[in-house]
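# A structural walkthrough
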Amino acid sequence: MKIAETLKALSAQVTQWKQAGLKVGFVPTMGNLHQGHLSLVQQAQSLCDRVVVSVFVNPMQFGPNEDFEHYPRTFQADSAKLNDLKVDLLYLPSVDEMYPNGLEQTRVVVPDALTTLLEGASRPGHFDGVSTVVCKLFNMVQPDVALFGQKDYQQWLVILRMVQELALPVEVVASPIVRDKDGLALSSRNKYLSSAQRAIAPKLNVILQEVAMAIVSGNQNFKALEKTASQRLLQAGFDDVDYVRVCDPNTLQPAMSKQEQYVILAVARLGETRLLDNTLVRVVPSFEGGLERS
Ligand code: PAF
């Protein structure tokens, strides 16, 4: 596996691949890699001839009171995992390489309707930081295909919209959430959980599935479902619930009744750790005239 720390070294390699007609896949990450990231890499390898992974903890997407300084940086372990998977190139830019003029630079701003609700409500400016760094990484790596996890569902929609509206020449692919055996969605932040908190954490997915089943069974009282789910999370031992929302999967606006698809998104806290999860629900009429989940 090659490691490039500068745009110059990255471009030299990618240019060679492009001249040889090879298809380049890209997985942007902030490191601290787990099986969720590695499955994105494997999917990229199945779609492309060469795969670039970036590890860059992006200061622009962290708020002043967030965990930028303490975000786990695990370079040795990350590079060993990527090497084992035979990734072609690891791009490891410094903050100066990415932002030579500092953070007061040109930004990519996706419209508020998608970026100021849910995660954007508690993390103002977060998605501007994400879309700016992802746009910049796309321009640097010049991938044909880029892969993102569905776990960060709102991030995925923001990136999709940026790519469509700026006509960026890259195909973006979403990959299903990877879960531990007990259903907890894998996340770099799971490391912060104590063993008692870790035992509570999988209930987030259990309660999301309960909401999904209720919708599939015909319950359209989304506000009541959200409220019950929040109460159930608190009873299960979560310290706080930022939100449980049943939304339109394309706009993230509150769901209307009788949609074919919904996304249920939730964030609950265990101590200082915010756990994010979501589930997509597709409701199709069954032969008996009832509803079933696909
Ligand atoms: O999901 C992440 O790890 C980050 O938000 C991303 C897409 C790598 C941008 O920094």
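This structure is a prediction, so every number in the text was calculated from the model and none was measured.

Strand order in the open sheet formed by six strands is S1-S4-S3-S2-S5-S6, and the pairing between neighbours is parallel. Lying at the two open borders of the sheet, with one neighbouring strand each, are strand S1 (2-4) and strand S6 (171-175). Strand-to-strand twist of the sheet, defined as the mean angle between neighbouring strand axes without regard to direction, takes the value 25 degrees. Its contacts with the sheet put helix H1 (residues 7-19) on S1, strand S2 (24-29), strand S3 (50-55) and strand S4 (89-91), and the angle it makes with S4 is roughly 145 degrees. Contacting S2, S3, S4, strand S5 (145-149) and S6, helix H7 (residues 126-141) crosses the sheet at an angle of about 145 degrees to S2.

The subject of this paragraph is the packing of aromatic side chains. On inspection of all chains with the given rule, the structure shows six aromatic pairs. Each residue in the set Phe26, Phe138 and Phe148 is aromatic and connected to the rest through ring pairs, giving one cluster. A cation over an aromatic ring shows up here: Arg73 above the ring of Phe68, its NZ or CZ 4.8 Å from the ring centre.

Once that is clear, we can look at the site of the ligand. Neighbouring residues of the ligand: Pro28, Thr29, Met30, Asn58, Gln61, Val133, Val134, Asp152 and Gln155. Here an oxygen atom of the ligand sits 2.6 Å away from a polar atom, N or O, in the side chain of Gln61. Between an oxygen atom of the ligand and a side-chain N or O atom of Gln155, the distance comes to 2.8 Å. Contact with the protein chains covers 89% of the free accessible surface of the ligand, which is 290 Å². When residues of the shell around the ligand are traced back to their parent elements, those giving at least two are S2 and H7.

In this section: the environment of His70. Note on placement: His70 falls in the loop between S3 and helix H3 (75-84). His70 sits 69 residues away from Met1 along the chain, and the two C-alpha atoms are 28 Å apart.

In terms of nonpolar packing, the biggest core is built from 46 residues, with Leu10, Val52, Phe138, Ile159, Met162 and Leu252 touching the most fellow members. Breaking this core down by element, the ones donating at least two residues are H1, S2, S4, H7, S5, helix H8 (153-165), strand S7 (240-247) and strand S8 (261-270). The biggest single contributor to this core is H7, with nine residues. In this structure, Ile159 is in contact with Val130, Val134, Phe138, Phe148 and Val172, ignoring residues within four places of it in sequence. With 30 residues, the next largest nonpolar core counts Phe222, Ala255, Ile264 and Ala266 among its residues.

What sets the pattern is the α-helix's 3.6 residues per turn: residues three or four places apart point alike. With 15 residues, helix H11 (residues 222-236) ought to run about 21 Å at 1.5 Å a step, and its terminal C-alpha atoms sit 21 Å apart, in line with that. For H11, every residue scored as buried is listed here: Phe222, Leu225, Glu226, Ala229, Ser230, Leu233 and Ala236. Mapping the buried residues of H11 onto a view down its axis gives an arc of 135 degrees, with all of them on the same face. Among the exposed residues of H11, those oriented more than 90 degrees off its buried face are Lys223, Lys227 and Gln235.

With 13 residues, helix H2 (residues 35-47) should reach 18 Å at 1.5 Å per residue; the first-to-last C-alpha distance of 18 Å fits that figure. Residues of H2 that are buried: Gly36, His37, Leu38, Ser39, Leu40, Val41 and Ala44. Its buried side turned inward, H2 meets S2, S3, H3, S5 and S6.

Let's shift gears to the pattern of salt bridges. Counted under the stated rule, the structure contains 13 salt bridges. The partner of Asp67 in a salt bridge is Arg189, with the nearest N and O atoms 3.2 Å apart. On the criterion of sequence distance, the pair formed by Asp67 in the loop between S3 and H3 and Arg189 in the loop between S6 and helix H9 (195-200) is long-range, its members being 122 residues apart. Here Asp67 falls in the buried class, since its relative accessible area comes to 18%. Overall, Arg189 belongs to the partly exposed group, its relative accessible area being 23%. A salt bridge links Asp182 to Arg198, with the nearest nitrogen and oxygen atoms 3.0 Å apart. You can see Asp182 sitting in the loop between S6 and H9 and its partner Arg198 sitting in helix H9, a full 16 residues away along the chain. Assessed through its relative accessible area of 24%, Arg198 is described here as partly exposed. Taken together, the shared-partner salt bridges in this structure form one network comprising Glu119, Asp242, Arg269 and Arg274.

About the thresholds
Every chain is numbered independently, its residues counted from 1 as its sequence is written. Only residues with pLDDT of 70 or above have their local features reported here, since the model is predicted, and side-chain atom pairs are shown and tallied only from 80 upward, although totals for entire chains, interfaces and linings are computed over all residues. Values shown for side chains rest on all heavy atoms present in the structure; no hydrogens or waters enter the calculation. Strand pairing is defined by DSSP finding a minimum of two bridges between the two strands. Elements are defined by DSSP. Helices are runs of H or I of four residues or more, strands are runs of E of two residues or more, and each kind is numbered from the N terminus. For helices, the fitted axis covers only the stretch in contact; all axes are lines through C-alpha atoms, and the angles between them, taken along N-to-C directions, range from 0 to 180 degrees. Residue contacts are counted whenever heavy atoms from the two residues lie within 4.5 Å of one another. When two rings of Phe, Tyr or Trp (its six-membered ring) have centres within 6.5 Å they constitute a pair, described as stacked for plane angles under 30 degrees, edge-to-face for angles over 60, and tilted for the intermediate range. Put simply, a charge is over a ring when the Lys NZ or the Arg CZ is close to the ring centre, within 6 Å, and near the line of the ring normal, within 35 degrees. Near, as used in this document, describes a residue that has one of its heavy atoms within 4 Å of the molecule or strand being considered. Under the rule applied, a polar contact is a pair of N or O atoms within 3.5 Å (in protein, one hydrogen donor and one hydrogen acceptor; residues adjacent in sequence only if both atoms are side-chain atoms). Note on areas: Shrake-Rupley, 1.4 Å probe, and residue coverage restricted to the protein chains presented here. Put simply, a nonpolar core is a bunch of buried Ala, Val, Leu, Ile, Met, Phe, Trp, Tyr and Cys residues held in one set by side-chain atoms that sit within 4.5 Å of each other. Three labels apply to residues, based on accessible area from a 1.4 Å probe with only protein chains included: buried if under 20% of the type maximum, exposed if over 50%, partly exposed otherwise in between. Given the number of residues in a helix, its expected span is that number minus one, multiplied by 1.5 Å. By arc we mean the arc of the directions from the helix axis to the C-beta atoms, nothing more. Put simply, a salt bridge is a Lys or Arg side-chain nitrogen that is within 4 Å of an Asp or Glu carboxyl oxygen.

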